[in-house]
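So you can see what is in the structure, the chains are spelled out below.
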Amino acid sequence: MNDISRRDVFRHGATAALLAVTATGIAGLASSGAAAGPDRVATLADPRDFEETYKGKKIKGEHDKANGKHKVHINGKKLGVVQVELPVAPDSTATYTAVISTLSHFDPIPLDEGNNRDGLKKLAKLAVDQLGEQELTHHADHSHR
Amino acid sequence: MGTRKSVAALTATEKANFVAALKALKAQTSGRNYDWFVRTHMDYFNNVNGHNYAHMSSSFLPWHRQYLLELENALKAHNSAVDLPYWNWTANRSTTGPPFTSDFMGGNGSGGNGPVTTGPFAGSTRWRINVSATSSTSLRRAMALRGSLPTTSDADSVMGVSTYDASPWGSSSSSGMRNRVEGGLAPNLHNRIHVWVGGHMAQIDSPNDPVFFLHHCNVDRLYHLWQTRWGFGADRYLPGGGVANVVDVNETLVPFGVTVASTLDHRGLYTYA
Ligand SMILES: [Cu+2]
């Protein structure tokens with residue numbers, strides 16, 4: 001069981017750090033009484049996560065939709081990301097989920113809506129486009145929660 | 001009492017005075033200087049003390065009204081003749097016209113997404129960026145690459161919405177005037193201008209670009225027009241009370257120490273021409 005789940009984790013480009021997260025996740029599930037079978041463990045590494053080079057900059061994204069705390073790093077520096085809910089139409093109670101960052105604060109990018117499963121990567125690439133020859137500073141992670 | 005004019009109606013002297021006051025505030029070494037305003041906008045972009053004071057909330061309009069007023073007063077300390085001007089983006093829609101002229105805000109970033117090269121804020125020796133999410137010490141713009149400018153009919157349609165805001169009083173509010181102005185809901189009068197100017201204006205540290213204040217002055221002017229039509233009274237603001245984590249009409253706007261109610265009728269402090 002653990003071998004299978006571990007292969008799953010590795011297939012999604014996991015690192016040692018992610019394994020540590022996985023271990024914590026299993027403990028969390030066990031203590032809350034939820035089933036900790038292979039399927040549950042596999043979901044801990046999100047297939048939408050990415051780590052690649054775009055226009056000469058290393059972009060890395062880790063999803064955490066359940067808590068709305070996605071992580072994006074550009075050249076190893078953290079980009080603050082916030083998940084927001086927006087109305088699908090006037091007078092509708094239905095909403096869709098989008099992400100904004102400290103660099104694209106007024107420009108929500110849809111996440112997880114069918115065609116928009118690469119929303120977090122789009123956000124990371126947009127940040128690289130905006131940066132040009134610049135890098136992020138520590139303020140890019142400014143008191144986001 | 002001050003009169004806030006359109007950037008297109010400013011005289012050469014008024015433009016020069018405004019630019020000089022901004023630079024004096026930037027150079028100020030005590031009290032609330034220009035970078036204090038940049039830092040405060042960054043700090044209050046998100047949840048503080050369980051409240052969204054500045055953005056994605058009902059208090060978006062009163063918070064920014066008070067923020068602009070404090071900036072305007074800080075400029076007046078350097079030159080009492082200065083009033084904040086507004087950039088009416090439904091009328092002034094060119095990347096080279098007002099306010100983006102070389103005697104005022106300067107133009108686009110070099111290469112369409114780089115440092116501003118013209119005007120009094122071009123280059124870090126004229127206007128140094130000290131607090132930012134990105135490493136450039138020069139002001140940057142990337143005009144018209146993304147975003148767009150609202151039309152007069154977009155603005156008019158929002159002014160016709162009589163209800164100030166609606167539950168859940170945030171980015172997902174699907175009716176009311178506030179979210180249509182702020183931008184969570186179409187036609188989006190505020191967010192897309194930040195995106196359209198680009199560069200620092202698109203970022204959490206958007207007040208690094210002085211055009212931020214001209215843009216928000218226009219947002220405040222639209223709020224003023226809405227109030228002129230629907231009323232300046234405290235009963236026109238929502239929520240009226242009892243909503244946890246949202247700034248109700250009698251709650252205090254942090255860090256300014258004034259209630260929402262006290263900001264609503266601004267007519268004793270300034271008017272719009
Ligand atoms: Cu704004």
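Worth saying up front: this structure is predicted, and the values here are computed from it rather than measured. (Residues numbered from 1 in each chain as written. Chains lettered and ligands numbered in written order. Predicted model: local features only at pLDDT ≥ 70, side-chain atom pairs only at ≥ 80, totals over all residues. Heavy atoms only, no water.)

Student: Please clarify how the coordination of the copper ion should be interpreted in this entry.
Tutor: Six octahedral donors around a metal ideally make angles of 90 or 180 degrees; four tetrahedral donors ideally make 109.5 degrees. Residue and element names in this part refer to chain B. The protein atoms that coordinate the copper ion are His190 (NE2), His194 (NE2) and His216 (NE2), at distances of 1.9 to 2.0 Å. Taken in sequence order, the residues that donate to the copper ion follow the motif H-x3-H-x21-H. Exposure remark for histidine 194: the relative accessible area of 0% places this residue in the buried category. (Donors = N, O, S within 2.8 Å, 3.2 Å for Na, K, Ca; no water. Buried < 20%, exposed > 50% of the residue type's maximum accessible area, 1.4 Å probe, protein only.)

Student: Can you help me understand the sheet that holds strand E1 (residues 50-54) of chain A in this one?
Tutor: Pairing between sheet strands relies on hydrogen bonds along the backbone, with the strands arranged either parallel or antiparallel. Residues and elements named next belong to chain A. The four strands lie next to each other as E1-E2-E3-E4, forming an open sheet whose pairing is antiparallel. Where the open sheet ends on each side, the last strands, each with one partner, are E1 and strand E4 (77-79). Put simply, the sheet's adjacent strands are angled 25° from each other on average, direction ignored. Here four bridges tie strand E2 (residues 57-62) to strand E3 (residues 71-74), and the two strands are oriented antiparallel to one another. Considered in E3, the bridge of glycine 61 is made with valine 72. (Pairing = 2+ DSSP bridges. Helix = DSSP H or I, 4+ residues; strand = E, 2+ residues; numbered from the N terminus. Axes fitted to C-alpha atoms, helices over the stretch in contact; angles between N-to-C directions.)

Student: Would you mind going over the pairing of strand E5 (residues 81-87) of chain A with me for this structure?
Tutor: Walk down a regular strand and you will see the side chains alternate between the two sheet faces. Residue and element names in this part refer to chain A. The buried fraction of E5 is high, at five of seven residues. Pairing between E5 and strand E6 (residues 95-101): seven bridges, direction antiparallel. Bridge assignment links leucine 86 to a residue of E6, and that residue is tyrosine 96.

Student: For this particular structure, what's the right way to read the interface of chain B and chain A?
Tutor: Size of an interface, as often reported, equals the accessible area lost when the parts are brought together. If you look at the interface, chain B gives 33 residues, while chain A gives 33 residues. Regarding the contact of chain B and chain A, the summed buried area is about 2600 Å², with carbon and sulfur atoms giving 55% of it. The tally of links between chain B and chain A comes to two salt bridges. Aspartate 107 of chain A is paired through a salt bridge with arginine 146 of chain B; the nearest N and O atoms lie 2.7 Å apart. Counting across the chain B and chain A interface gives 14 residue pairs in polar contact (both at pLDDT 80 or more). Looking at the side of chain B that touches chain A, the elements that each hand over two or more residues are helix H2 (34-43), helix H5 (177-182) and helix H6 (191-197) of chain B. Looking at which element gives the most residues to the side of chain B that touches chain A, the answer is H6 of chain B, with three residues. (Contact = heavy atoms within 4.5 Å. Buried area = accessible area lost by both parts, 1.4 Å probe. Salt bridge = Lys/Arg side-chain N within 4 Å of Asp/Glu carboxyl O. Polar contact = N/O pair within 3.5 Å; in protein donor to acceptor, adjacent residues only side chain to side chain.)

Student: Teacher, can you tell me more about the UniProt feature "domain: Tyrosinase copper-binding" (unreviewed entry) in chain B here?
Tutor: Under the UniProt annotation, "domain: Tyrosinase copper-binding" (unreviewed entry) lies at residues 55-72 and 209-220 of chain B. Strand forms 0% of residues 55-72 of chain B and helix 72%; the C-alpha atoms that close the span are 20 Å apart. (UniProt positions renumbered as here; feature names shortened; annotations may be inferred.)

Student: Honestly, the packing of aromatic side chains in this entry has me stumped. Any pointers?
Tutor: For any two aromatic rings, the description comes down to two numbers: the centre-to-centre distance and the angle of the planes. Residue and element names in this part refer to chain B. This model, assessed by the stated rule, comprises 21 aromatic pairs over all chains. Ring centres of phenylalanine 18 and phenylalanine 104 lie 5.8 Å apart, and the angle between their planes is 45°; this geometry places the pair in the tilted category. Highlighted residues: phenylalanine 18 in helix H1 (residues 12-27) and phenylalanine 104 in the loop between helix H3 (60-76) and strand E2 (114-115), separated in sequence by 86 residues. Looking at phenylalanine 18, the relative accessible area reads 2%, which means it is buried. On the basis of relative accessibility, which here comes to 1%, the residue phenylalanine 104 falls in the buried class. Taking 5.9 Å as the distance between ring centres and 70° as the angle between the ring planes, the aromatic pair formed by tyrosine 86 and tyrosine 272 counts as edge-to-face. Note that tyrosine 86 is positioned in the loop between H3 and E2 and tyrosine 272 in strand E6 (residues 270-272), a separation of 186 residues in sequence. Neither residue differs from the other here; tyrosine 86 and tyrosine 272 are each classed as buried. (Phe/Tyr/Trp six-rings, centres within 6.5 Å; stacked < 30°, edge-to-face > 60°.)

Student: Looking at this model, I keep getting lost on the nonpolar core. Mind explaining?
Tutor: Nonpolar side chains in soluble globular proteins tend to end up buried together. Ile74 of chain A together with Phe18, Trp87, Met105, Met177 and Phe213 of chain B are the most contacted members of the largest nonpolar core, which has 96 residues in total. Residue contacts for methionine 105 of chain B: discarding those within four places in its chain leaves Phe18, Leu22, Pro99, Phe100, Phe121, Arg141, Pro210, Val211 and Leu214 of chain B. (Core = buried A, V, L, I, M, F, W, Y, C linked by side-chain atoms within 4.5 Å.)

Student: Explain the side chain of histidine 41 of chain B here, please?
Tutor: Residue and element names in this part refer to chain B. By the secondary structure assignment, histidine 41 is in helix H2. At 3.2 Å, the side chain of histidine 41 forms a polar contact with the side chain of histidine 55. In this view, histidine 41 contacts His55, Trp63, His64, Tyr67, Ile204, Ser206, Pro207 and Phe212; residues no more than four positions away in its chain are not counted.

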